[in-house]
Amino acid sequence: TGRFVRRYLPAYDEEVPYSNIATVSYEQAKKTADDFLSRVATSYKSQLRLQESGQNTRNNEYRLVYQIVQNDIPLYDSKVSVAIHKQTGKVTYFSGVVYDPNTQFETGKPKLTLEQAQKAYLSKIDLPLKYRLYEDDEDNTQSILVYELENVQQKGISALTGEIVEGYREDRRDKGVVSTMDTVAAGVE
């Protein structure tokens with residue numbers, strides 16, 4: 001079976017003039033997005049939570065972003081985005097995720113507190129000294145001496161064991177498999 005993952009939809013009407021002034025309210029856009037997700041994200045719709053950050057608008061559209069959650073915990077790097085045209089109220093863009101709703105998730109409480117996890121993270125993951133370069137308002141290059149984490153998006157600390165969890169397994173990266181958590185390091189057998 002296929003999954004609907006991403007699509008730009010032709011919802012712009014040539015007779016509707018471009019305007020940043022919405023004729024469709026944000027609440028109407030949320031309802032349209034909700035109805036749309038009920039049709040295209042049926043297998044994981046119940047696990048979506050709208051990320052409210054004001055009226056997330058972009059040009060001629062409302063952009064609504066949803067986080068997939070399990071047991072009230074966000075699923076890493078799993079967001080769904082729906083754009084609604086401000087004048088027509090039609091869906092103009094959808095970006096979903098390839099997500100298996102039958103995935104089994106651990107339940108229960110973490111064995112580490114947040115403070116213990118922070119301490120473990122900093123003690124086990126490199127924090128080398130580096131120079132960061134940036135340009136100021138007058139296009140002059142400036143530098144800042146910083147301690148910066150290496151591979152921040154690829155490493156974490158298991159809430160069960162306190163050990164490093166690698167976001168990518170080296171032996172599978174070349175085969176096109178990304179975001180495969182090392183379940184042994186995570187304490188899952």
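Source: prediction; values computed, not measured.

Procedures and definitions
Residues numbered from 1 in each chain as written. Predicted model: local features only at pLDDT ≥ 70, side-chain atom pairs only at ≥ 80, totals over all residues. Heavy atoms only, no water. Helix = DSSP H or I, 4+ residues; strand = E, 2+ residues; numbered from the N terminus. Buried < 20%, exposed > 50% of the residue type's maximum accessible area, 1.4 Å probe, protein only. Contact = heavy atoms within 4.5 Å. Areas by Shrake-Rupley, 256 points an atom, 1.4 Å probe, with all protein chains shown as cover. Core = buried A, V, L, I, M, F, W, Y, C linked by side-chain atoms within 4.5 Å. pLDDT = per-residue confidence, 0-100. Patch = residues over 30% accessible without salt bridge, like charges linked within 9 Å, V, L, I, M, F, W, Y side chains within 5 Å. Salt bridge = Lys/Arg side-chain N within 4 Å of Asp/Glu carboxyl O. Expected span 1.5 Å × (residues − 1). Arc of directions from axis to C-beta. Lys, Arg positive; Asp, Glu negative; His and termini not counted. Charge placed at Lys NZ, Arg CZ, Asp CG, Glu CD. Phe/Tyr/Trp six-rings, centres within 6.5 Å; stacked < 30°, edge-to-face > 60°. Pairing = 2+ DSSP bridges.

Visitor: What exactly am I supposed to notice about the overall build of the protein here?
Guide: If you tally the helices and strands in the protein, you get 3 helices and 10 strands. Helices and strands in the protein line up, N terminus first, as β-α-β-β-β-β-β-α-β-β-β-β-α. Per-residue burial over the protein gives 28% buried out of 189 residues. Here the analysis covers contacts within the protein between residues at least 6 apart in sequence; of these, 51% occur between residues at least 24 apart. Accessible surface, the protein: about 13200 Å² in total, of which carbon and sulfur atoms supply 48%.

Visitor: Honestly, the nonpolar core in this entry has me stumped. Any pointers?
Guide: If you look at soluble globular proteins, the nonpolar side chains tend to sit buried side by side. Formed by 19 residues in total, the largest nonpolar core has its most connected members in L37, Y44, L64, Y66 and V82. Mapped by element, the contributors of at least two residues to this core are α1 (26-40), β4 (61-70), β5 (73-85) and β6 (91-95). A total of 5 residues in this core trace back to one element, the largest contributor, which is α1. If we skip the residues at most four places from it in the chain, L64 touches Y26, A29, K30, A33, L50, V80, S81, V82 and I84.

Visitor: How should the confidence of the model for the protein be read in this particular structure?
Guide: Detailed reading of predicted coordinates is not advised where the pLDDT is low. On average, residues of the protein carry a pLDDT of 75, and 71% of them reach 70 or more. Mean pLDDT across the elements of the protein bottoms out in helix α3 (residues 170-173) (43) and peaks in α1 (93). Confidence drops under a pLDDT of 50 for residues 169-189, and excluding neighbours within four residues, the segment shows 31 contacts in the predicted structure.

Visitor: Mind showing me how you'd approach a nonpolar patch on the surface here?
Guide: Judged by side-chain polarity, L122, L127, L129, Y131, L133, L145 and Y147 come together as a nonpolar surface patch covering roughly 820 Å² of accessible area. With respect to the secondary-structure elements, L133 resides in strand β7 (residues 129-135).

Visitor: Teacher, can you tell me more about α1 here?
Guide: Spacing of three or four residues puts side chains on the same side of an α-helix, whose turn is 3.6 residues. For α1, built from 15 residues, the straight-helix expectation of 21 Å at 1.5 Å per residue is met to within 8% by its first-to-last C-alpha distance of 21 Å. Taken together, the buried positions of α1 are Y26, A29, K30, A33, F36 and L37. Burial along α1 is one-sided: seen end-on, the buried residues are contained in an arc of 130°. Those residues of α1 that are exposed and angled more than 90 degrees off the buried face are E27, K31 and R39. Residues of α1 that are buried in the fold lie against β2 (48-50), β4, β5 and β6.

Visitor: Is there a simple way to think about a negative patch on the surface in this case?
Guide: Negative charge collects at one region of the surface, where E135, D137, E138 and D139 lie side by side. Locating E135 in the fold gives a position in strand β7.

Visitor: Just checking my understanding: could you explain unusual backbone geometry for this structure?
Guide: Leave glycine aside and you will find that most residues have negative phi; peptide bonds, for their part, are mostly trans. Positive phi is not limited to glycine here, since N71 has a value of about 55°. If you check the backbone angles, D139 has positive phi at about 60° while not being a glycine. As for its position among the elements, D139 is in the loop between β7 and β8 (141-147). Assessed through its relative accessible area of 58%, D139 is described here as exposed.

Visitor: I keep staring at the packing of aromatic side chains and nothing clicks. Help me out?
Guide: Each aromatic ring pair is specified by the distance between its two centres and by the angle formed by the two planes. This structure, assessed with the given rule, holds 2 aromatic pairs. Aromatic pair F36 and F94: ring centres 5.5 Å apart, planes at 70°, arrangement edge-to-face. Of the two residues, F36 is situated in helix α1 and F94 in strand β6; the sequence distance between them amounts to 58 residues. Here F36 and F94 have matching classes, each one buried.

Visitor: How should the pairing of β7 be read in this particular structure?
Guide: Residues in a regular strand point their side chains to alternate faces of the sheet. Pairing geometry for β7 and β8, over 7 bridges, is antiparallel. Paired with L129 across the strands is Y147, a residue of β8. Here β7 folds back onto β8 in antiparallel fashion, the turn holding 5 residues, of which D139 has a positive phi close to 60°.

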